[in-house]
Amino acid sequence: MKRDILYHLFTPLVILIGLIFPKTATSQVTWDQTIDVASSSFGNNRPRITANAAGDPLIIWGKGSDLMYTRWDGAEFASPVKLNPTGVTIATANWMGPEIAAHGDTIYVVYKQTPEDLVTSHIWCIRSFDGGQTFTAPVQVENTGNDKSRFPTVTTDNEGHPIIAYMRFNASFLDARWVVTRSFDFGETFTSDVMASGWSGPDSEVCDCCPGTIHSSGDNVAIVYRDNNENLRDSWAGISTDGGLTFTKGVNIDQNGWMINACPSTGPDGVIVGDTLYSIFMNAASGQAIVYYNETPITDLSTDTSQAVPGSGEGLQQNFARIASSGKSATMLWRHSAEFSTGLAVMFTEDITKGFPTSFDTLAYFQVVNGDVTMSSTKILVTWQDNSGTVVKFRSGTYETSTATGEISKTKIVTFHPNPAENELYLEADATPYYITNLSGQMVLQGDEKQIDISTLPPGLYFISTASGFGKFVKQ
């Protein structure tokens, strides 16, 4: 009798979830089972994900005021480690926190030190040159004097140098604006920041509790953020066509006209494919929080009206939108709530220039808070904050395309250890002879032995090339 009661209670719920959360949209994707990234003792605040050259996922998230990190080791996720130095606390919550980006096996993680309102609390960048196995000591990104900063976000240029955007304030923690700095030496040093926001009007600021994201392809760089023009809080993009050195134009990618006198604590995301910026964001001008997406040609910024993602049902609320691409293939992800249930919605297209489908898949149900997505040429990698078990979740999907949308082939990587190194470097396999150059391109060492004495080199970043490939290492 008890089994019959449970059956009759549960069956309508399953049917309802099937109606509100479609499951047949992305038939080109074969999804693996969901797994826990780590136990609940490691926390689960706002995970972010990227992939190294092998396509293995690398995930960061917040635990209290610590930055946690793990990587896929081929069979499972390694035990998480803390990346922030002892005694340094970081800004993290379920709606904001550290960011990560990769260019092959070069990985960058950026975070904001706390307390946020102190001028001595800086933005820091830590780097890995071996696919996320080891990381260098943090490098200070900004030098803002008496000004204050928050919300760092990072991308890479086509050579693997980091480009970092962050929100800058005056000494009173007012006059919020987005600025951009970049490096030409793989994060050893950074340029003076340049203004990237302020396009909606002379008195506009930016929404000071909404994270932004930065994106790069060739010479095109876009910082997408929520604007604040006298409480009109649409999402905008600042555009650079010289690799992030200057931002000379901006565009409203939103156009919904959301008037609100409080910061909603959620920002846009985007990708650049070809000469077009594809963006995704939440707007609640209709009275409901709805996720929209848009495409904007960078050449003339003649953007069309943004389109809402699919969704219906009582209490519909969508938020925390993300997008990723590989070639022309792309995936959009967002938190989707309706009919008293919350899921993680995903839409895939094999060719973003032809648009997205009209329905979505659901990867998870119930207490989903905030997710992230990245792509390789064959995989969609998804992570999210799951509050039902207070864990970070992960799920991957394999996709097929009928068009050639794979990534540009990557340079072969020479393998060596350790990295960073102090006195000796060990080449693995048959990788000799070798040539080592500094950042100026000057050859500083060469030879044919596998155990290389680097004790005489000054500390810094170096490049090593062999017949087997190319790599970078840090001399401590």
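For the structure itself, look to the data block above.
This write-up is about the structure you can find in this document. (Residues numbered from 1 in each chain as written. Predicted model: local features only at pLDDT ≥ 70, side-chain atom pairs only at ≥ 80, totals over all residues. Heavy atoms only, no water.)

Quick look at empty space enclosed by the protein
Taken as a whole, this structure holds two cavities of 30 Å³ or more when the rule is applied. Here the largest cavity defines a volume of roughly 120 Å³. As for the largest cavity, its lining consists of 13 residues, and the residues nearest its centre are Arg46, Arg48, Gly267, Phe320 and Arg322. Those elements giving two or more residues to the lining of the largest cavity turn out to be strand 3 (45-51) and strand 24 (317-326). Ranked by residues supplied to the lining of the largest cavity, first place goes to strand 24 with three residues. Quantified by volume, the second largest cavity comes out at close to 80 Å³. (1 Å grid on protein atoms, 1.4 Å probe; cavity = no way out; pocket = protein on both sides within 12 Å on 5 of 7 lines; lining within 4 Å. Points joined across faces, edges and corners; volume = space filled by probe spheres on them. Helix = DSSP H or I, 4+ residues; strand = E, 2+ residues; numbered from the N terminus.)

Concerning a negative patch on the surface
Residues Asp203, Glu205, Asp208 and Glu230 make up a contiguous surface patch of negative charge. Relative to the elements of secondary structure, glutamate 230 occurs in the loop between strand 17 (220-228) and strand 18 (235-240). (Patch = residues over 30% accessible without salt bridge, like charges linked within 9 Å, V, L, I, M, F, W, Y side chains within 5 Å. Areas by Shrake-Rupley, 256 points an atom, 1.4 Å probe, with all protein chains shown as cover. Salt bridge = Lys/Arg side-chain N within 4 Å of Asp/Glu carboxyl O. Lys, Arg positive; Asp, Glu negative; His and termini not counted. Charge placed at Lys NZ, Arg CZ, Asp CG, Glu CD.)

Topic: the nonpolar core
Met167, Trp178, Val180, Ile214 and Ile223 are the most contacted members of the largest nonpolar core, which has 19 residues in total. Elements that contribute at least two residues to this core include exactly strand 12 (162-169), strand 13 (177-182) and strand 17. The leading source of residues in this core is strand 12, at four residues. Ignoring sequence-local partners within four residues, the contact set of valine 180 consists of Ile163, Ile164, Ala165, Ser192, Asp193, Val194, Ala196, Ile214, Gly244 and Phe247. (Core = buried A, V, L, I, M, F, W, Y, C linked by side-chain atoms within 4.5 Å. Buried < 20%, exposed > 50% of the residue type's maximum accessible area, 1.4 Å probe, protein only. Contact = heavy atoms within 4.5 Å.)

Some thoughts on the sheet that holds strand 7 (residues 99-103)
Here four strands make up an open sheet; going across it, the order is 7-8-9-10 and the pairing antiparallel. Because the sheet does not close on itself, it has two edges, and the strands there are strand 7 and strand 10 (139-140). Relative to strand 9 (residues 123-128), strand 8 (residues 106-112) runs antiparallel, the two being bridged by six bridges. Across the sheet, lysine 112 pairs through a bridge with isoleucine 123, a residue of strand 9. (Pairing = 2+ DSSP bridges.)

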